[in-house]
Amino acid sequence: MIYDKILKPVFFKFDPEVMHHFFNKVGEGLGRFGFTRSIVRMSCGPVDDEILHTEIAGIKLNNPLGVGAGFDKEGRIIHTLDAIGFGFAEVGTITGQASPGNKKPRLWRLPEDRALAVNYGLLSTGADAVKERFANYKRNSPWPIPVGISVAKSNLPNLSGQTGLDDLLSAYQKLEQFASYVTVNVSCPNTGDGEQYCKDPVMYRELLSMLDAKHPTKPVFFKLSPDLSQDRYLEIMHDTDRYAWAKGFITSNLTHDRTNLKSKYLSQATSGGVSGPHLRKLSDEVLAFMYRNGHSRYQFIGLGGIDSVEDAYRKIRLGASAVQLVTSLIYNGPLWPSQLLRELASRLREDGFKNIKEAVGVDNL
Ligand SMILES: Cc1cc2nc3c(=O)[nH]c(=O)nc-3n(C[C@H](O)[C@H](O)[C@H](O)COP(=O)(O)O)c2cc1C
């Protein structure tokens, strides 16, 4: 109530990118000290319920809800994300070289659609800066929850072909050591060639083989676009199959599709991908299709448009072993993860499951 009626109307008066930065600063401050973390924890009431204990790619999770890439781009607020109740966090996307991203404005709220239009263009301080900071954090205190690190090729005009691949792999090599799992973001919709690796079979195969040559030691997930053809999803799963370190897919990233959006601000958001409920059906369809065709080999993280407990539960029943959200955290506030998880635990019990793992894929076999 306080967030919805008082804080959000104030926050929403300011530029969305300024507010994103502000929340990261506040989150970083709150996560720094034990007593501020305790205050956040007491205010948000994180859920610890055995029915939600699960695992993905061998990583134990206290609950299946993670924050998706893009909220904590630089891995600065992991302790606060833990305190508000997330079971894991995906940080990034972090690129090899630093990149200033696209020209501002590059983030828009679409309130009538409870969505965002995102055109950051893989803004990142680069893998070296993040590595240095993470090395310090890890010495002082290990992550409180499992952390996925999302990496991609920098959005710099001089990087393409082999130099682009080298850039992505350098981010991978520098940051893998700090991650519980690594996500290779092959689907950024707002860079010049951010989607090339998921769209172009030759580039994707080249990426797989070069990654293999680095001998990955952590589970690797690939984050896919929701806008590909079914044949392409099948081809991606087929090409990835031979690499044992490749454990699964995150479905999905933002969509290019803008049909039926109602927001009056849409005309200002001239480029960029769209998040939120508008994306839900599309990302659910991709998840369902990939799970049906690949569940014996891969695990899936469901992401895109989760704005209610039904949305999260549906993704799990369609085949997601874990789920992530970004946009609904902004629209619903910091109590939202605990509320969602409490309701999810009740729904699982009502439906007779002893543990969430039993629900994965039940609507899709
Ligand atoms: C502000 C913002 C920044 C994002 N940045 C990234 C990013 O850097 N890397 C990435 O893989 N996805 C990024 N995404 C996409 C989200 O991780 C997610 O795939 C998408 O927003 C759909 O989920 P949602 O509907 O729960 O927001 C970003 C999304 C938003 C809203």
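Summary of the structure given here. None of the values given here were measured: they were computed from a predicted structure. (Residues numbered from 1 in each chain as written. Predicted model: local features only at pLDDT ≥ 70, side-chain atom pairs only at ≥ 80, totals over all residues.)

## Focus: the overall build of the protein chain
When helices and strands are counted, the protein chain shows 13 helices and 13 strands. Here the C-alpha coordinates of the protein chain stretch approximately 50 × 50 × 45 Å along the principal axes. Counting all 365 residues of the protein chain, 49% fall into the buried class. Here the analysis covers contacts within the protein chain between residues at least 6 apart in sequence; of these, 78% occur between residues at least 24 apart. (Helix = DSSP H or I, 4+ residues; strand = E, 2+ residues; numbered from the N terminus. Buried ≥ 20, exposed ≤ 12 C-beta atoms within 10 Å, placed from the backbone. Contact = placed C-beta atoms within 7 Å.)

## Quick look at the site of the ligand
Around the ligand there are 26 residues in total, and Gly68, Gly70, Ser275, Val326 and Thr327 lie nearest to it. Those elements that place two or more of their residues in the shell around the ligand are strand 4 (88-95), strand 6 (115-118) and helix 12 (327-332). Of the residues in the shell around the ligand, the class split is eleven nonpolar, 13 polar and two charged. (Near = placed C-beta within 6 Å. Nonpolar A, V, L, I, M, F, W, Y, C, P; charged D, E, K, R; others polar.)

## Digging into the sheet that holds strand 5 (residues 107-110)
The three strands lie next to each other as 5-6-11, forming an open sheet whose pairing is antiparallel. At either margin of the open sheet sits one strand with a lone partner, and together these are strand 5 and strand 11 (273-274). Note: strand 6 against strand 11, two bridges, orientation antiparallel. Within strand 11, the residue paired with Val118 across the bridge is Gly273. (Pairing = 2+ DSSP bridges.)

## Notes on the sheet that holds strand 10 (residues 246-251)
Reading around the circumference, 3-4-7-8-9-10-12-13 is the order of the eight strands in this closed barrel, with parallel pairing throughout. Across the sheet, the mean angle from the axis of one strand to that of its neighbour is 30°, orientation sign disregarded. Direction of pairing for strand 10 relative to strand 12 (residues 299-303): parallel, over a ladder of four bridges. Within the sheet, the bridge partner assigned to Ile250 lies in strand 12 and is Ile301. (Axes fitted to C-alpha atoms, helices over the stretch in contact; angles between N-to-C directions.)

## Regarding unusual backbone geometry
The amide bond that connects Lys104 to the next residue, Pro105, takes the cis arrangement and shows omega of -10°. On the secondary structure map, Pro105 appears in the loop between strand 4 and strand 5. Thr251 connects to Ser252 through a cis peptide bond whose omega is 15°. Along the chain, Ser252 falls in the loop between strand 10 and strand 11. Look at Arg114: it is not a glycine, yet its phi comes out positive at around 50°. In the Ramachandran plot, His215 falls in the positive-phi region, its phi being about 50° despite a non-glycine side chain.

## Focus on the packing of helix 8 (residues 201-213) against helix 9 (residues 230-240)
Close contact between helix 8 and helix 9 brings their axes to 10 Å; oriented N to C, the two are set at 25°. Here helix 9 runs roughly parallel to helix 8, going by the angle between their axes. Regarding helix 8 and helix 9, the two cross each other, and that crossing is right-handed. The segment helix 8 lies against helix 9, with Pro201, Tyr204, Arg205 and Leu208 engaging Glu235, Ile236, Asp239 and Thr240. Looking at the contact of helix 8 with helix 9 residue by residue, the class counts come to four nonpolar, one polar and three charged. (Parallel < 35°, antiparallel > 145°, perpendicular 65-115°, else oblique. Left-handed = near helix turned anticlockwise from the far one by under 90°.)

## Looking at the pairing of strand 9 (residues 220-224)
Counting buried positions along strand 9 gives five out of five residues, so the element sits mostly inside the fold. Alternating residues of strand 9 divide into Val220, Phe222 and Leu224 and Phe221 and Lys223, and every residue in both groups is buried. Bridge count between strand 8 (residues 181-185) and strand 9: four bridges; the pairing is parallel. Bridge pairing links Val184 to Phe222 in strand 9. In this structure, strand 9 lies alongside strand 10, joined through five bridges in parallel fashion. Looking at the pairing, Phe222 lines up with Phe249 of strand 10. The β-α-β motif built from strand 9, the intervening helix 9 and the parallel element strand 10 has right-handed crossover chirality. (Right-handed = clockwise from strand over helix to strand, strands pointing away.)

What is shown is where atoms sit, not what they do.
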